[in-house]
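# Coordinates in review
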Amino acid sequence: MKNQEVANFFKRIADMLEIKGENPFRIRAYQKAAQNIENLAEDIVLIAERNELDTLPGIGKDLSQKITEIITTGTLQKYEELKKEIPEGLMEIITIPGLGPRTAKALFDELRVENIDQLEKLAQAHRLQGLPGIKAKTEENILKGIALYRQKLARMMLSTMLALSREITGELKKLKEVKKMCVAGSVRRYRETIKDIDILIISPQPEKVMDFFAHLPFVETVQAKGRTKSSIRARGGIQVDLRVVEPDCFGAALCYFTGSKAHNIRLRELAVTKGLKINEYGIFRGEKKIGGKDEQEIYASAGLPFIPPELREDRGEIEAALEGKLPHLVERRDIRGDFHVHSLYSDGAATLEEIARKAEAMGLEWVAICDHSQSLKIAGGLSIAKLEEKIAEIKKFNRKNKKVKLVCGTEVDISNDGGLDYPDELLGKLDVVIAAIHSGFKQDEKTLTSRIIKAMHNHRVHCIAHPTGRLIGERDAYAFNLDMVLDEAARTNTALEINAYPQRLDLNDIYSRAAKDKGVKLTIGTDAHSLDQMEYLELGLSVARRGWLGKTDILNCLSYNDLITVLKRKRNELTERM
Ligand code: DGT
Ligand code: CA
């Protein structure tokens, strides 16, 4: 997929134009185009091949020519020219938190600052003060920003940040002065990675709340402590911002600080067309405040129904809301089972009984036990004999147990030539087969695509596990043609997994939505290797919701009996067709 690469070119051009102080509208056009390309589910190369680039939102004739140029030449003349004008170090300087292109330009024009080391020395010697827009405080912030940059404070995984935000809100809830509290920002939207935690509170005694907050056990440093806003760094250097707001503007503040910024901008624009102004303090007609207590009001003032936080990314939700076509998103209570759990049979830590008991405690009706297959020896892959034993044990278990059913499955390895790691006859004895790639990540696109497609052509395979193979912050998706895989998944009625393991979240939100749009069903599998990890279901659910999925898109929403019927039907239909 070239999408990210193309988007990065446009982002860098936008930054360069800003450093040069060029027309803000042009800069915005590049930024918007980059964002739209990042949000595309389809490979931009395919869109280019169909000559349809200029049908993309925000992409006119000029930008579509530029995209073609990047795809065909690997670079862009315009970018290469700008690069000659702007020192490389300046491009690095603008990635320092809190230091934008405009300040970078002033630093370069006035002091010839070209890299971070120079900047740091000048700031330490207080030589920056007095430049346009730079006060003592700015200098201090620049030094802090550099320190942060050096720490390479990466974005954290959703699971880590959810856990920390729950720990913090759990503490804050103990305070009787806290009347209402909500986590906002990207945590509330369940983005897959998070920069910092934003919390909003209503309290008649903000000072008490701030004092309490600054002294919580996991606070490492207090960066700022005011009457209504404080920032701390918790363990691991994670920033947490706490704001106390007035009850009559809680909804407005919650909406503003939930974001995303792009969504908020669209919302405000809509309000303007109705003669209203929306900001974090409320809804205003002229000077008069006419609302802001809850979020519903904010959306209503823009002529919209409430939009769930997971959709607020400016990926078409505003348009859908205007047309009354917002999806009815899947909810936790719709989920009846987990599609992918490892037991003691392979590398999991729990017995079948323990897994079933945990599932029952979570309110689930069934769990698919999908252990590794024989060649994956490092992960305790089951020999044929062991798998036969497991089939027998699960049959016995299900005869005795009425509350929770075990679905007997495997996560079968797709070999380098697209074959499967168990004989067909054995796969045919299982309730469910999910197939996965665990080797050959470096193969070329054609090979990897055909491996996956060949696996889907086997009518015993119901689902492809963690289809792209990416690991957040560690490994990109392997090279394969997602569009071809989606088409073939639809044709062969093969489901694709939303793997809920924190580092995977694979398929991600964008691809899950693309799958749904092509009529492909999805499954949520926690890939749990211990009982606690079965709680990752929440993460998978959040991806599904961010992917606009409803309960009919997800096989986990079927009852045990319906699931077994659907799994059998896939096999029969495909056998007839192929
Ligand atoms: P992140 O990067 O994972 O922390 O993502 P967010 O979305 O939590 O971003 P953050 O913490 O910078 O800001 C929280 C929300 O506040 C953001 O989603 C929208 C709002 N916000 C922040 N800065 C601006 C701004 O300059 N303009 C507007 N309209 N909204 C902003
Ligand atoms: Ca945030």
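For clarity, every value in this text was computed on a predicted model and none was experimentally measured. (Residues numbered from 1 in each chain as written. Chains lettered and ligands numbered in written order. Predicted model: local features only at pLDDT ≥ 70, side-chain atom pairs only at ≥ 80, totals over all residues. Heavy atoms only, no water.)

### Remarks on the overall build of the protein chain
Helix and strand content of the protein chain: 24 helices and 17 strands. Relative to the 2.2 N^0.38 estimate, which gives 25 Å for 578 residues, the radius of gyration of the protein chain is 26 Å and therefore close to what a compact globule would have. Across its three principal axes, the protein chain shows a C-alpha extent of roughly 80 × 60 × 50 Å. Taken over 578 residues, the protein chain has a buried fraction of 54%. A sequence separation of at least 24 residues applies to 68% of the contacts in the protein chain between residues at least 6 apart. For the protein chain, the exposed surface amounts to about 26,400 Å²; the carbon and sulfur share of it is 51%. In the protein chain, the 90 positive side-chain charges and the 86 negative ones have mean positions that sit 3 Å from each other. (Helix = DSSP H or I, 4+ residues; strand = E, 2+ residues; numbered from the N terminus. Rg over C-alpha atoms; globule rule 2.2 N^0.38 Å. Buried < 20%, exposed > 50% of the residue type's maximum accessible area, 1.4 Å probe, protein only. Contact = heavy atoms within 4.5 Å. Areas by Shrake-Rupley, 256 points an atom, 1.4 Å probe, with all protein chains shown as cover. Lys, Arg positive; Asp, Glu negative; His and termini not counted. Charge placed at Lys NZ, Arg CZ, Asp CG, Glu CD.)

### Description of the domain arrangement of the protein chain
On domain assignment, one finds that the protein chain holds domain 1 (3-154), domain 2 (156-244), domain 3 (249-322) and domain 4 (332-373 + 411-577). With four residues of domain 1 at the interface, the matching set in domain 3 holds five residues. Summed over both sides, the interface of domain 1 with domain 3 buries roughly 280 Å², with 27% coming from carbon and sulfur. For the domain 1 face of the interface with domain 3, the top three residues by lost area are K32, Q35 and N39, together amounting to 83%. For the pair domain 1 and domain 3, the number of links is one salt bridge. One can count one residue pair in polar contact (both at pLDDT 80 or more) joining domain 1 with domain 3. When its residues are assigned to classes, the side of domain 1 that touches domain 3 shows no nonpolar, two polar and two charged. (Domains from an automatic or database assignment. Buried area = accessible area lost by both parts, 1.4 Å probe. Salt bridge = Lys/Arg side-chain N within 4 Å of Asp/Glu carboxyl O. Polar contact = N/O pair within 3.5 Å; in protein donor to acceptor, adjacent residues only side chain to side chain. Nonpolar A, V, L, I, M, F, W, Y, C, P; charged D, E, K, R; others polar.)

### Describing the pairing of strand β12 (residues 366-372)
For β12, a buried count of seven out of seven residues is recorded, marking the element as mostly surrounded by other parts of the structure. Judged from the three bridges that link them, strand β11 (residues 337-341) and β12 form a sheet pairing that is parallel. Note on β12: the bridge partner recorded for G337 is W366. For the crossover from β11 across helix α17 (residues 352-361) to β12, the handedness is right-handed. (Pairing = 2+ DSSP bridges. Right-handed = clockwise from strand over helix to strand, strands pointing away.)

### Overview of the sheet that holds β12
With parallel pairing, seven strands are arranged side by side in an open sheet as β11-β12-β13-β14-β15-β16-β17. Looking at strand neighbours, the two that pair on one side only are β11 and β17 (522-525), the edges of this open sheet. With two bridges connecting them, strand β15 (residues 463-464) and strand β16 (residues 495-499) associate as parallel partners. By the bridge assignment, I464 is partnered in β16 with L496. Packed onto the sheet, α17 meets β11, β12 and β13 (405-413) and runs at close to 140° relative to β12. (Axes fitted to C-alpha atoms, helices over the stretch in contact; angles between N-to-C directions.)

### With respect to the site of ligand 1
Residues in close proximity to ligand 1 total 16 residues, the closest being R155, S186, R189, K195 and D196. The separation between an oxygen atom of ligand 1 and a polar side-chain atom of D198 is 3.3 Å. Measuring from an oxygen atom of ligand 1, one finds a backbone N or O atom of Y256 at 3.5 Å. Surface burial for ligand 1 is 77%, taken as the share of its 590 Å² of free accessible area covered by protein chains. If you list the elements that add at least two residues to the shell around ligand 1, you get α11 (185-188), α13 (250-258) and α14 (261-273). Taken together, the residues that form the shell around ligand 1 break down as three nonpolar, six polar and seven charged. Viewed by domain, the shell around ligand 1 spans two of them, domain 2 (156-244) and domain 3 (249-322), each represented by three or more residues. (Near = heavy atom within 4 Å.)

### Considering helix α18 (residues 384-400)
Between its first and last C-alpha, α18 extends 25 Å over 17 residues, near the 24 Å set by a 1.5 Å rise per residue. Along α18, the positions that sit buried rather than exposed are L387, K390, I391, I394, F397 and N398. The buried residues of α18 occupy an angular sector of 130° when projected down its axis, which confines them to one face. With respect to the buried face of α18, the exposed residues turned more than 90 degrees away are A385, K395, K396, R399 and K400. (Expected span 1.5 Å × (residues − 1). Arc of directions from axis to C-beta.)

### Overview of the coordination of the calcium ion (ligand 2)
Only D196 (O), D196 (OD) and D198 (OD) from the protein reach the calcium ion (ligand 2) as donors, at distances of 2.2 to 2.8 Å. Because the angles between the six donor atoms bound to the calcium ion (ligand 2) fall within 67 to 172°, the donor set is best described as irregular. We classify D196 as buried; its relative accessible area is 12%. (Donors = N, O, S within 2.8 Å, 3.2 Å for Na, K, Ca; no water. Tetrahedral: all angles 85-135°; square planar, octahedral: opposite > 155°, others 65-115°.)

### Observations concerning the pairing of strand β2 (residues 180-183)
If a strand is regular, its side chains alternate between the two faces of the sheet. Of the two faces of β2, only one is covered, namely that formed by M181 and V183; the face formed by K180 and C182 stays uncovered. Looking at chain direction, β2 and strand β4 (residues 197-202) are connected through four bridges and run antiparallel. Bridge assignment links V183 to a residue of β4, and that residue is I199.

### A look at the nonpolar core
Within the largest apolar cluster, 95 residues are counted, with the highest numbers of intra-cluster contacts made by I168, I197, I199, I201, V367 and I464. No other element matches the six residues that helix α10 (residues 158-173) contributes to this core. Both domains that furnish three or more residues to this core are identified here as domain 2 (156-244) and domain 4 (332-373 + 411-577). Not counting chain neighbours up to four residues away, the residues in contact with V367 comprise D338, V341, I355, A359, V404, K405, L406, V407 and M534. L40, L56, V113 and L119 belong to the second largest nonpolar core, which has 49 residues in total. (Core = buried A, V, L, I, M, F, W, Y, C linked by side-chain atoms within 4.5 Å.)

### Observations regarding the packing of aromatic side chains
Evaluation of the coordinates by the stated rule reveals eight aromatic pairs. Aromatic pair Y299 and F306: ring centres 6.0 Å apart, planes at 70°, arrangement edge-to-face. Measuring from centroid to centroid gives 5.7 Å for F339 and W366, while their planes differ by 80°, and the two rings are edge-to-face. On the criterion of sequence distance, the pair formed by F339 in strand β11 and W366 in strand β12 is long-range, its members being 27 residues apart. On the basis of relative accessible area, F339 is assigned to the buried category, the value being 2%. What links up through ring pairs into an aromatic cluster is the set F441, Y478 and F480. The positively charged end of R12 is found above the aromatic ring belonging to F9, 5.5 Å away from the centroid. One cation-aromatic arrangement involves R112 over F108; the distance from NZ or CZ to the ring centre is 4.4 Å. (Phe/Tyr/Trp six-rings, centres within 6.5 Å; stacked < 30°, edge-to-face > 60°. Lys NZ or Arg CZ within 6 Å of the ring centre and 35° of its normal.)

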